[in-house]
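Residue strings, one per chain:
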2 protein chains.
Amino acid sequence: MPTTSFLSKIEASWRGGSLVCVGLDPNPQALPPHLGEGAQASFSFCRAIIDATADKVCAFKPQIAWFSAFGHEDVLVELIDYIHAHHQTPVILDAKRGDIGETCTAYAIEAFDRYRADAVTVSPYLGLENLAPFTERSDKGVFVLCRTSNPHAEWLQNHPQSDPTYLRVVRAVVDANTQGNLMLVAGATHAKELARIRGAVGDMPLLVPGIGAQGGDLSQVIKAARTPKGGLIINASRSIASASKGEDFADAARKSLLALHSKVQALLSERTDQAS
Amino acid sequence: MPTTSFLSKIEASWRGGSLVCVGLDPNPQALPPHLGEGAQASFSFCRAIIDATADKVCAFKPQIAWFSAFGHEDVLVELIDYIHAHHQTPVILDAKRGDIGETCTAYAIEAFDRYRADAVTVSPYLGLENLAPFTERSDKGVFVLCRTSNPHAEWLQNHPQSDPTYLRVVRAVVDANTQGNLMLVAGATHAKELARIRGAVGDMPLLVPGIGAQGGDLSQVIKAARTPKGGLIINASRSIASASKGEDFADAARKSLLALHSKVQALLSERTDQAS
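On a predicted model such as this, the values are computed, not experimentally measured, just so you know. (Residues numbered from 1 in each chain as written. Chains lettered and ligands numbered in written order. Predicted model: local features only at pLDDT ≥ 70, side-chain atom pairs only at ≥ 80, totals over all residues. Heavy atoms only, no water.)

### Some words on the relation of the copies chain A and chain B
1) Next: With an RMSD of 0.0 Å, the operation that places chain A on chain B is a rotation of 180° combined with a shift of 0.0 Å along the axis. Taken together, the rotation and translation relating the two chain copies correspond to the operation of a two-fold axis.
2) Next: An overlap of 100% is found between the interface residues of chain A and their copies at the interface of chain B, pointing to a shared contact surface. (Least-squares fit on C-alpha atoms with pLDDT ≥ 70 in both. Contact = heavy atoms within 4.5 Å.)

### Structural notes on helix α9 (residues 191-201) of chain B
All names here are of chain B.
1) Next: Here α9 has its buried residues at Ala 191, Glu 193, Leu 194, Ile 197, Arg 198 and Val 201. Buried residues along α9 cover an arc of 155° about the axis, so they all sit on one side. Facing away from the buried surface of α9 by more than 90 degrees, the exposed residues are Lys 192, Arg 196 and Gly 199.
2) Next: Turning to α9, the residues buried within the fold contact β5 (141-147), α8 (165-176), β6 (182-186), β7 (206-208), α10 (218-225) and β8 (232-236).
3) Next: A positive phi of about 65° marks Gly 202, the residue just after α9. (Buried < 20%, exposed > 50% of the residue type's maximum accessible area, 1.4 Å probe, protein only. Helix = DSSP H or I, 4+ residues; strand = E, 2+ residues; numbered from the N terminus. Arc of directions from axis to C-beta.)

### Quick look at the interface of chain A and chain B
The parts lose accessible area when they come together, and the size of an interface is often stated as this lost area.
1) Next: The interface is formed by 51 residues belonging to chain A together with 51 residues belonging to chain B.
2) Next: When chain A packs against chain B, close to 4,400 Å² is buried across both sides, 57% of that on carbon and sulfur atoms.
3) Next: A per-residue breakdown of the area chain A buries against chain B is headed by Tyr 125, Trp 155 and His 159 of chain A, which together make up 19% of the total.
4) Next: There are six salt bridges connecting chain A and chain B.
5) Next: Note that Asp 99 of chain B and Lys 96 of chain A form a salt bridge whose closest N and O atoms lie 2.8 Å from each other.
6) Next: On the surface where chain A and chain B come into contact, there are 34 residue pairs in polar contact (both at pLDDT 80 or more).
7) Next: Grouping the constituent residues of the side of chain A that touches chain B by class yields 24 nonpolar, 15 polar and twelve charged. (Buried area = accessible area lost by both parts, 1.4 Å probe. Salt bridge = Lys/Arg side-chain N within 4 Å of Asp/Glu carboxyl O. Polar contact = N/O pair within 3.5 Å; in protein donor to acceptor, adjacent residues only side chain to side chain. Nonpolar A, V, L, I, M, F, W, Y, C, P; charged D, E, K, R; others polar.)

### Looking at the confidence of the model for chain A
1) Next: Residue-level pLDDT values for chain A average 95, and 97% of them are 70 or greater.
2) Next: For this predicted complex, the interface score ipTM comes out at 0.96, alongside a pTM of 0.97. (pLDDT = per-residue confidence, 0-100.)

### With respect to the state of the cysteines
1) Next: Tallied over the full model, the rule gives zero disulfides over all chains.
2) Next: Here Cys 21 of chain B is not disulfide-linked; the sulfur of Cys 58 of chain B is the nearest cysteine sulfur, at 5.7 Å. (Disulfide = S-S within 2.5 Å.)

### Considerations on unusual backbone geometry
Most peptide bonds adopt trans geometry, and most residues besides glycine take a negative phi value.
1) Next: Residues His 159 of chain A and Pro 160 of chain A are joined by a peptide bond in cis, for which omega reads -15°.
2) Next: Looking at the element boundaries, Pro 160 of chain A is found in the loop between α7 (154-157) and α8 (165-176).
3) Next: One non-glycine residue with positive phi stands out, namely Lys 96 of chain B, at about 50°.
4) Next: Looking at where Lys 96 of chain B falls in the secondary structure, it is placed in strand β3 (residues 92-97).

### A closer look at the side chain of Arg 97 of chain B
1) Next: Tracing the backbone shows Arg 97 of chain B in strand β3.
2) Next: Polar side-chain contacts of Arg 97 of chain B include one of 3.4 Å to the side chain of Tyr 107 of chain A.

### Some words on helix α1 (residues 6-15) of chain A
Residues and elements named next belong to chain A.
1) Next: Where burial is concerned, most of α1 is hidden: seven out of the ten residues are buried.
2) Next: Turning to α1, its buried residues number three or more, namely Phe 6, Leu 7, Lys 9, Ile 10, Glu 11, Ser 13 and Trp 14.
3) Next: Of the residues trailing α1, Gly 17 is marked for its positive phi of about 100°.

Take a look at the structure:
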């Protein structure tokens, strides 16, 4: 596997001590007013967050919807290019794409060739076989939605109780993981389920949204699903990028990240102490 | 409800006698070589298919992936503008978006404000509550993936046998349909399930892919799920738009569409005869 693969990059980030991923969601209503509006404001906002946090994050996760809604595809291209050029941080494009195989060919081109993302989030609803155009790119990471952190998700994902859909997704992803680049999205708001998922997937990287604004318990997440290498990509979006809407937004983002980073570090060493 | 709502448009199409929707998937490998390459070829191809078929289709369904993969968003904007300016045909943007509610706000802006689509396809995986930013646009149609036409979909959608996920989606969509603009995607390749879906949703419009290249049985589809007003948006993509790769591709598309249209008409009147 080439050293620039997503898995190599994320493992390098973990070795560097970081398990936190910062989401880049340039919702115009969340931008600091002094940045103005439009494509330039979106770029300036994200670039400042990137530069203020890159040394302590394991990945960046831009949400494509906040670019495509406003025709800011070029901003997203430039931001990912910027990350590749100035930082070693891997980029997970949050797109939740999913379709028949032929259409997934086009979505894989979008994520990996157009945007040069290192990984992408995808949906399992049409069946994992359709995701082959993503997984065939063995240097890229493919995060399959499994148990999401939002309210109302259990209606589908935890049905039926005896053999919930999210666990079927887990088993299917393990079975389909011939390239070693399939991974899962598993929310921080369901620590018991996170533990069941970890029990089934070995050391597969898990992208864990739901810390911060959604109220997931960091301590439980780390207990439930950390691995010796790290194993977790703990996403925080609003709690970092929107820590301040003032001119100090980048400094505030860095402070918020460092606080979260320290908590993660403390929980990791606590657990190591207990284990020894 | 304004007369320009998606539902009004599709019912007008049905009154005009058409239940067939043409998919616009400008896969570069499928384009007639004489059109050349790039954005201009994509636009010329789609516009020619549109002009050759618009009088006999109930809707157009562009697949966003074949535009966004190559940075051809402007082509998609121009094509939808072209349809609105020159034809009355409603446009269903096939995007299969799905995310938490805040992100769906951005995806709804993408589909309805940026692209001016009349309807969009969405995924239920994160729960229907998240789709509110789409459904709040009461003049727009929102097609929720339910039972898709592709192989391998039953693994998730038909699990468990006693209360399959696709039927849960059906019930939840019926319950959530306070604006009257929720609809379902239900594949032509599963006529028995299509009949169960029709039995549960009243006269809700169903988008039915899987006729043509995927081998769904038109006669069974119409028997299973037509309604007095029409009820069906029967999609055909490759079998029409790729009927020829020669300079006659638009004529060939029209011939292919007219053949399908005639079959639909014959099956509809056959059924009316039997009923009378």
